[in-house]
Amino acid sequence: MRFPNRKLHTAVDGEDAGVSAHFRNPLVHELRFTPLQKLKIAVMTVTLFPVRLLFAAFMMLLAWPFAFVATVGRSEDAVEPLSWWRWLVDLVLKAIMRAMWFSGGFHWVRVKGRPALPSEAPILTMAPHSSYFDAIPVTMTMASIVMKAESKDIPVWGTLIKFIRPMFVSRSDQDSRRKTVEEIKRRACSDGEWPQIMIFPEGTCTNRSCLIAFKPGAFIPGVPVQPVLLRYPNEMDTISWTWQGPGAFKILWLTLCQLHNSVEIEYLPTYTPSEEEKKDPALFANNVRRIMAKALGLRIIDYSFEDCQLAMAKGPLQLPKHTCLLEFGRLVRRLGLKAGVTDEVLHEEASRARELCGSRLDVEGFSQYLNQPMTEAVQDIFSLFEEHGKMDVREYVLALSVVCRPFRYLETIKLAFRMFEAQEDGAVVEDELAVILKTALGIGDFAVCDLFRAIDCQDKGKITFDDFCRFLENCPDFVEQYHCLSEPIPQPSRGSTSPSVSQPSTNGFCADFSPRDPSTHSKKQN
């Protein structure tokens, strides 16, 4: 696998402005400080940070009794007239929350545009979603949001969340996502009786370098929405909380160590969907995303929450930040090649690829292999693997296994050995191991010489899958130990995830609630 030279992405407004293969990965955030910045952080850590942290905690504790009293006896299913004392509690909570953000260095919140009334736009679509600090506009408007059901059981925070009447999604309830979409429809079509719903349609946090794919949940009701933009124009980006990068507490610590943190909220004009968009939530979502991307001056890239599975997967073959597999995953999802891929399907594909061993396909042959018409997406996939106009289809099957089974790297390697091994002894040689590992990591090169010699301790010139597994048990960090990559693999900052887990949860405060339908690729604006 190599980085393509072709243009793979569509820029804002649909212009053919490709993104470099070394573009900034939206799911990765790196922080680098100058010596002077490190000195400032050290000073603030022992002076300003503890004061701010204690004051912010005090403000949350102060808000709790007000939120508790306001939620006692309130129906969760029916909207009630806003009594004078609940209205007063609403004002008090907004003031307390504003004081909490002020104590964290968010001294001014610049607001542009006019917020629409609930009767004008029942749903607010907020982007880009990059941090738990995105809760600032939520506390300013007290709009309802979509939350993971587990959030309501968090002490203090759970009570504050209940006050804004969120919609909870339960991962243990298989029907929870459908129920959430139905609840959004019910509230959005109440003619302004319910509070506005604020939704982060990206469904996960990014570093704000682009707008990734919007989930259709906010657009299924087919009602007018108001796009809302979030900006953090700070000298240092201590805000972003992505799947690879600083963890939650480090983000909090570094942000509270800044003298001032800027935040801008811009309300764009209300977007009323056409009849076609009402029938097609994916088209509706894509068109709203284009408007927001244009206002932000950001690119549109069709990565989605699903790609976080690749970014957060741990293990010896954890993907580096410059992996090409995110792009590969986007393309196969766009063509529908990922839908319905099971272990059995992958083994069948591996058998087909093994039968073609030694035969390298051109782009026409690859198109026929996929049973797909010759499209730009097919050519883009081909360009990820081709050398001198030809490709080995075994690399495609290996990459497909990685994106479909990101937490089961050992099974992917076993599948790769099955495709590449010699029939007489089930072994692979050094060059074949290099192809397997660089394809599994989605990189252009992999230094395998020292690694292969370490595995091939008997100097046979070839190794089996069992040899590789035995070596892996003794040296799980072989990629770094043997300097196989030119730069180290960053460690994910989220909670530990076992290889058996297949569905990550969001890393922001909004839950992924979109129905589990097969992914639909974005449609062009008419």
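Please read these numbers as outputs of a predicted model, since none were measured by experiment. Every chain is numbered independently, its residues counted from 1 as its sequence is written. The model is predicted, so local features are restricted to residues of pLDDT at least 70 and side-chain atom pairs to those at 80 or more, both for listing and for counting; the totals for chains, interfaces and linings are taken over all residues. Here the side-chain values reflect all heavy atoms present in the structure, with hydrogen atoms and water set aside.

1. Description of the UniProt feature "transmembrane region" (unreviewed entry) in the protein chain
Consideration 1: The UniProt record annotates "transmembrane region" (unreviewed entry) at residues 41-64.
Consideration 2: Here a strand is any run of E in DSSP of at least two residues, a helix any run of H or I of at least four, and the numbering for each starts at the N terminus. Helix and strand shares over residues 41-64 are 96% and 0% respectively, and the end C-alpha atoms of the span are 31 Å apart. UniProt positions are given in the numbering used here, feature names are shortened, and annotations may be inferred rather than shown by experiment.

2. Observations concerning the pattern of salt bridges
Consideration 1: Only one rule defines a salt bridge in this text: a Lys or Arg side-chain nitrogen within 4 Å of an Asp or Glu carboxyl oxygen. Scanning the model with the defined rule gives 22 salt bridges in all.
Consideration 2: Here R186 ties to E183 by a salt bridge, and the two come within 2.9 Å at their closest N and O atoms. Of this pair, R186 and E183 both sit in helix α6 (residues 176-188), three residues apart, which is roughly one turn of the helix.
Consideration 3: Buried, partly exposed and exposed residues are distinguished by accessible area as a fraction of the type maximum, computed with a 1.4 Å probe on protein chains only: under 20%, between the cut-offs, and over 50%, respectively. Taking the relative accessible area as the measure of exposure, E183 reaches 18% and is therefore buried.
Consideration 4: Between D450 and R453 there is a salt bridge; the shortest N-O distance is 2.5 Å. Linking D450 with R453, this pair stays in helix α18 (residues 449-455), spanning three residues, or about one helical turn.
Consideration 5: Judged by relative accessible area, which is 41%, D450 ranks as partly exposed.
Consideration 6: Here the residues in one salt-bridge network are D343, R405, R408 and E411, joined through shared partners.

3. Considerations on empty space enclosed by the protein
Consideration 1: Put simply, the grid is 1 Å and covers the protein atoms alone, a cavity is a trapped set of points that fit a 1.4 Å probe, a pocket is an open set with protein on both sides within 12 Å along at least five of seven lines, and lining residues have an atom within 4 Å of a point. Grid points are joined across faces, edges and corners, and a volume is the space filled by probe spheres set on the points. Applying the stated criterion across every chain, the model contains five cavities of 30 Å³ or more.
Consideration 2: The space that makes up the largest cavity amounts to roughly 170 Å³.
Consideration 3: Along its surface, the largest cavity is lined by 14 residues, and T139, W157, L160, I161 and I164 are the ones closest to its centre.
Consideration 4: Secondary structure elements with two or more residues in the lining of the largest cavity: α3 (84-103), α4 (135-141) and α5 (157-163).
Consideration 5: No other element matches the four residues that α5 contributes to the lining of the largest cavity.
Consideration 6: For the lining of the largest cavity, the residue count by class is 13 nonpolar, one polar and no charged.
Consideration 7: Here the second largest cavity is characterised by a volume of approximately 110 Å³.
Consideration 8: For the second largest cavity, the lining is made up of 13 residues, of which L317, V402, P406, Y409 and A440 are closest to its centre.
Consideration 9: A per-class count over the lining of the second largest cavity returns eight nonpolar, two polar and three charged. In the scheme used here, Gly and all other residues not listed as nonpolar or charged are polar, with Ala, Val, Leu, Ile, Met, Phe, Trp, Tyr, Cys and Pro taken as nonpolar and Asp, Glu, Lys and Arg as charged.

4. Quick notes on the sheet that holds strand β5 (residues 197-199)
Consideration 1: Two strands are said to pair when DSSP picks up at least two bridges between them. What the five strands build is an open sheet, ordered β1-β8-β7-β2-β5; its pairing is mixed. Strands with a single pairing partner mark the edges of an open sheet, and in this sheet they are β1 (109-112) and β5. Looking at each pair of strands side by side, their axes are set apart by 20° on average, direction ignored.
Consideration 2: Bridging between strand β2 (residues 123-127) and β5 involves three bridges; their strand directions are parallel. Bridge pairing links I123 to I197 in β5. As a rule, the C-alpha atoms of each element are fitted with a line to give its axis, helices using only the stretch in contact, and angles between N-to-C directions run from 0 to 180 degrees.

5. Some thoughts on the packing of aromatic side chains
Here the distance between the centres and the angle between the planes together describe a pair of aromatic rings.
Consideration 1: Pairing of aromatic side chains requires ring centres within 6.5 Å, counting the rings of Phe and Tyr and the six-membered ring of Trp. Pairs whose planes differ by under 30 degrees are stacked, by over 60 edge-to-face, and all others tilted. Using the criterion set out here, one finds 19 aromatic pairs in the structure.
Consideration 2: Each ring, one from F328 and one from F385, has its centre 5.6 Å from the other, and the planes form 90°; the classification is edge-to-face. With F328 in helix α11 (residues 325-334) and F385 in helix α14 (residues 376-385), this pair connects stretches of sequence that are 57 residues apart.
Consideration 3: A relative accessible area of 0% places F328 in the buried class.

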